[in-house]
Amino acid sequence: MSAKTILEYKLLPRFMMLVMTVMYIRVLEWGMSLEDLSTQQSSMISICSGAMTGAFAVWLSSESKK
């Protein structure tokens, strides 16, 4: 696979979104498996949710530009 193909199909940003989505799901699963959340644990879940929202917005805006 050539570098031109990778850039043309935007494989790296799509792969990064896939990895972030899997990470986000794993963090949510971890948080739901705990019996009692501490403030630090709920803060980490909140930060991951915010990062996912921001990354998704940036990805969508970059996908629409040609």
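Preceding block: the structure.
Residues numbered from 1 in each chain as written. Predicted model: local features only at pLDDT ≥ 70, side-chain atom pairs only at ≥ 80, totals over all residues. Heavy atoms only, no water.

Participant: Would you mind showing me how to read the overall build of the protein chain here?
Facilitator: Of the regular secondary structure elements, the protein chain holds three helices and zero strands. Relative to the globule expectation of 11 Å for 66 residues, the C-alpha radius of gyration of the protein chain, 16 Å, shows a markedly less compact shape. With the C-alpha coordinates aligned to their principal axes, the bounding extent of the protein chain is approximately 50 × 25 × 15 Å. Across the 66 residues in the protein chain, those meeting the buried criterion constitute 9%. Sequence separation of at least 24 residues holds for 60% of the intrachain contacts in the protein chain that already meet a minimum separation of 6. On the protein chain, roughly 5,400 Å² of surface is accessible, and the fraction owed to carbon and sulfur atoms is 68%. (Helix = DSSP H or I, 4+ residues; strand = E, 2+ residues; numbered from the N terminus. Rg over C-alpha atoms; globule rule 2.2 N^0.38 Å. Buried < 20%, exposed > 50% of the residue type's maximum accessible area, 1.4 Å probe, protein only. Contact = heavy atoms within 4.5 Å. Areas by Shrake-Rupley, 256 points an atom, 1.4 Å probe, with all protein chains shown as cover.)

Participant: Any chance you could explain unusual backbone geometry here in plain terms?
Facilitator: The phi angle of most residues is negative, glycine excepted, and most peptide bonds adopt the trans form. With a phi close to 50°, K10 is a non-glycine residue in the positive phi region. The exposure class of K10 is partly exposed, given its relative accessible area of 28%.

Participant: Honestly, the pattern of salt bridges in this entry has me stumped. Any pointers?
Facilitator: The final tally for this structure, using the stated rule, is one salt bridge. The partner of E29 in a salt bridge is R26, with the nearest N and O atoms 3.7 Å apart. One end of the pair, E29, and the other, R26, are both in helix 2 (residues 11–33), three residues apart, so they sit about a helical turn from each other. Since its relative accessible area comes to 43%, E29 is described here as partly exposed. Note on R26: relative accessible area 57%, which makes it exposed. (Salt bridge = Lys/Arg side-chain N within 4 Å of Asp/Glu carboxyl O.)

Participant: In this structure, what is going on with the environment of R14? I would like to understand it.
Facilitator: Tracing the backbone shows R14 in helix 2. Take R14: its relative accessible area is 41%, and that puts it in the partly exposed class.

Participant: Looking at this model, I keep getting lost on helix 2. Mind explaining?
Facilitator: At 3.6 residues per turn, the α-helix brings residues three or four places apart onto the same side. The terminal C-alpha atoms of helix 2 lie 33 Å apart, and with 23 residues this matches the ideal 33 Å at 1.5 Å per residue to within 8%. For helix 2, the set of buried residues is M17, V27 and G31. (Expected span 1.5 Å × (residues − 1).)

Participant: What am I meant to see in a nonpolar patch on the surface here?
Facilitator: A cluster of nonpolar residues, L12, F15, M16, L18, V19 and V22, forms a patch on the protein surface that exposes about 590 Å² of accessible area. Along the chain, M16 falls in helix 2. (Patch = residues over 30% accessible without salt bridge, like charges linked within 9 Å, V, L, I, M, F, W, Y side chains within 5 Å.)

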